[in-house]
Amino acid sequence: MGSAGAVAQQIVILGAGPAGLSAALWLHKLGLQPLLLETATRAGGMLNENLLPNDWVLGQMGLTGPQLADRFGEHVASLALAPRLRCTPSRISRSGRGWRLSVQTAGGEEAIDAAAVLVATGTRPRAQDALGGVEGLAEAAPRIVYGPPAFADLDGLRGQRVLVVGGGDNALENARFLLDQGCEVWVVARSRFRAQRAMMDAVVGQPRAHLLSPVHLRALQPVAGGLRVLLDGAPHELLVDRMHVLAGYAPNTDFLRSALPPELFAQLSLDGEGYVGVDAATRTGCPGLYAAGDVCNPLFPSVVSAIAQGALAAKTIELDLRQPPVDT
Ligand SMILES: Cc1cc2nc3c(=O)[nH]c(=O)nc-3n(C[C@H](O)[C@H](O)[C@H](O)COP(=O)(O)OP(=O)(O)OC[C@H]3O[C@@H](n4cnc5c(N)ncnc54)[C@H](O)[C@@H]3O)c2cc1C
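Values in this document were obtained by computation on a predicted structure and should not be read as measured data.

## A few points about the overall build of the protein
Scanning the protein for helices and strands turns up eight helices and 17 strands. C-alpha extents for the protein along the principal axes are approximately 65 × 40 × 40 Å. Intrachain contacts of the protein at a sequence separation of at least 6 include 58% that bridge at least 24 residues. Accessible surface, the protein as shown: approximately 15600 Å² in total, 53% of it carbon and sulfur. In the protein, 27 side chains carry a positive charge and 30 a negative one; their mean positions are 1 Å apart.

Okay, here's the thing in structure tokens:
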């Protein structure tokens, strides 16, 4: 199964995070044949980066992200829908009324046909690009942590001086955990802080917390016993032990530019940051191509919204495939 021409109503889902896994379940229930293709070595997407108990998912109390990923993965595996791992599409082209994908797999290039394609490729933490223009990045690299690893081994950071870069929920949550470990914490945001109220309230006013905005980093200089940080704004200089960069996420859509023919890529109407625009039913501007989850820049990126949008995409695909073909 999964090879060229084998299955008429096969639906290829790119990405086995919560959105893709949920879409697979729903497509299966709706009588279609989902095929999950995942670039990583494990299903679950960003869940694998959330090492803390995730109590935001109804009925799943106390489970960490990887535990939730296992649970979601077991569900689809029980229906023989386990994702194919280490698979990356290199070409996505029209084939009759559907699609033909060229996919790089562990065993080499493979052609896969699909009646519809769902993009559920999520986002990745912004890294060096979030610090563009800051001098001394390379020299300071050993003291900089980007994205979710900033939440790992917090016990070992007891009493350290930490600069957290970012003004959203992740940055403020990280600051709170560091404060709980007795750290001295500076949180700097380029514009205003955008974290939810509860996250801000947990940090603001704490004696070892310093929230600075708007502030731009100018340069980083490793010095004996730490990292000197030069700022455009007051104070002009800080001395810290390490820096955590939690400055948002970027969509995993770069591959679409090279995989799709230019005229189809143009129909996707990505926004300025590369997020896929979809209508209320998850259709992109390119007929037969759908998108769900964080890759669509939801107002509230979360496990439950990704699951919901994956289910919606499945339902929309099933409805659209029921329509008689339009002669052109
Ligand atoms: C540290 C951290 C903590 C979080 N905490 C919470 C929380 O407490 N509660 C909550 O609700 N949410 C939380 N989130 C957010 C939540 O994890 C995401 O909103 C959710 O995982 C989005 O699901 P998704 O399926 O859209 O995308 P993702 O989870 O990003 O999955 C996308 C998948 O697509 C794969 N992929 C990428 N490119 C390709 C390609 N070209 N081809 C095939 N596959 C591809 C990726 O490898 C990945 O597996 C947290 C996120 C992080 C990073």
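## As for the site of the ligand
Surveying the vicinity of the ligand reveals 31 residues, the closest of which are A19, E38, M46, D294 and V303. At 3.4 Å, a backbone N or O of G15 approaches a nitrogen atom of the ligand. Within the backbone of T39, a nitrogen or oxygen atom sits 3.4 Å from a nitrogen atom of the ligand. Taken together, the elements giving at least two residues each to the shell around the ligand come down to α1 (18–29) and α8 (303–322). Of the residues belonging to the shell around the ligand, the class tally is 16 nonpolar, twelve polar and three charged.

## A short note on a nonpolar patch on the surface
Together, W56, L299 and F300 line one region of the surface with nonpolar side chains, adding up to about 480 Å² of accessible area. Take L299: it is sitting in the loop between β17 (289–291) and α8.

## Some words on the packing of aromatic side chains
The description of an aromatic ring pair uses the distance of the two centres, along with the angle that the planes make with each other. Going through the model one piece at a time under the given rule, you end up with one aromatic pair. On the numbers, 6.2 Å between centres and 80 degrees between planes, the contact of F151 with F177 is edge-to-face. Placement of the pair is F151 in the loop between β8 (144–146) and β9 (161–165) and F177 in helix α4 (residues 169–180), with a sequence separation of 26 residues. By relative accessible area, F177 is classed as buried at 16%.

## Some points on the pattern of salt bridges
In the structure shown here, the tally under the stated rule is twelve salt bridges. Put simply, K315 and E318 hold a salt bridge, and the shortest N to O gap is 3.4 Å. On the criterion of helical spacing, the pair formed by K315 and E318 is a turn pair, its members being three residues apart in helix α8. Residue class for K315 comes out partly exposed when judged on its relative accessible area of 31%. The exposure class of E318 is buried, given its relative accessible area of 13%.

## Some thoughts on the domain arrangement of the protein
Under the domain assignment used here, the protein contains domain 1 (10–124 + 249–322) and domain 2 (128–245). Between the C-alpha centres of domain 1 and domain 2 there is a distance of 33 Å. It is E49, L52 and Y249 that lose the most area in domain 1 upon contact with domain 2, and together they represent 67% of the buried surface on that side. The tally of links from domain 1 across to domain 2 stands at zero salt bridges.

## Concerning the environment of H28
With respect to the helices and strands, H28 occurs in helix α1. For the pair H28 and L118, spaced 90 residues apart in the sequence, the C-alpha separation amounts to 14 Å.

## Re the pairing of strand β15 (residues 242–245)
Residues R242 and H244 line one face of β15 and the alternating positions M243 and V245 line the opposite face, and both faces are buried. Note that β8 and β15 share three bridges and pair parallel. Across the sheet, residue I144 finds its bridge partner in β15, namely M243. Strand direction decides the pairing type here: β9 and β15, joined by four bridges, are parallel. Each residue of the ladder has a partner; that of V165, found in β15, is V245.

## As for the sheet that holds β8
Read from one edge of the open sheet, five strands run β8-β15-β9-β10-β11, paired in parallel fashion. Of all the strands in the sheet, just β8 and β11 (209–212) have a single pairing partner and so form its edges. Adjacent strand axes in the sheet meet at a mean angle of 20 degrees, parallel and antiparallel pairs treated alike. Where α4 meets the sheet, its contacts fall on β9, β10 (184–188), β11 and β15, and the angle it forms with β10 comes to roughly 170 degrees.

## Re the sheet that holds strand β4 (residues 98–105)
With antiparallel pairing, the three strands of this open sheet are ordered in space as β3-β4-β5. The open sheet has two edge strands with one neighbour each: β3 (88–95) and β5 (108–114). Strand-to-strand twist in this sheet, taken as the mean axis angle between neighbours without regard to direction, amounts to 20 degrees.

## Let's talk about the nonpolar core
Counting residues in each nonpolar core, the largest one holds 30 residues, and the members touching the most others are I11, I13, L27, L118 and I317. Every element with two or more residues in this core is listed here: β1 (10–14), α1, α2 (65–78), β6 (116–119) and α8. Those residues in contact with I317, other than ones at most four positions away along the chain, are I11, L27, L32, A116, L118 and Y290. Core analysis: the next-biggest nonpolar cluster, separate from the first, contains 26 residues, L101, A259, L268 and V295 among them.

About the thresholds
Residues numbered from 1 in each chain as written. Predicted model: local features only at pLDDT ≥ 70, side-chain atom pairs only at ≥ 80, totals over all residues. Heavy atoms only, no water. Helix = DSSP H or I, 4+ residues; strand = E, 2+ residues; numbered from the N terminus. Contact = heavy atoms within 4.5 Å. Areas by Shrake-Rupley, 256 points an atom, 1.4 Å probe, with all protein chains shown as cover. Lys, Arg positive; Asp, Glu negative; His and termini not counted. Charge placed at Lys NZ, Arg CZ, Asp CG, Glu CD. Near = heavy atom within 4 Å. Polar contact = N/O pair within 3.5 Å; in protein donor to acceptor, adjacent residues only side chain to side chain. Nonpolar A, V, L, I, M, F, W, Y, C, P; charged D, E, K, R; others polar. Patch = residues over 30% accessible without salt bridge, like charges linked within 9 Å, V, L, I, M, F, W, Y side chains within 5 Å. Salt bridge = Lys/Arg side-chain N within 4 Å of Asp/Glu carboxyl O. Phe/Tyr/Trp six-rings, centres within 6.5 Å; stacked < 30°, edge-to-face > 60°. Buried < 20%, exposed > 50% of the residue type's maximum accessible area, 1.4 Å probe, protein only. Domains from an automatic or database assignment. Buried area = accessible area lost by both parts, 1.4 Å probe. Pairing = 2+ DSSP bridges. Axes fitted to C-alpha atoms, helices over the stretch in contact; angles between N-to-C directions. Core = buried A, V, L, I, M, F, W, Y, C linked by side-chain atoms within 4.5 Å.

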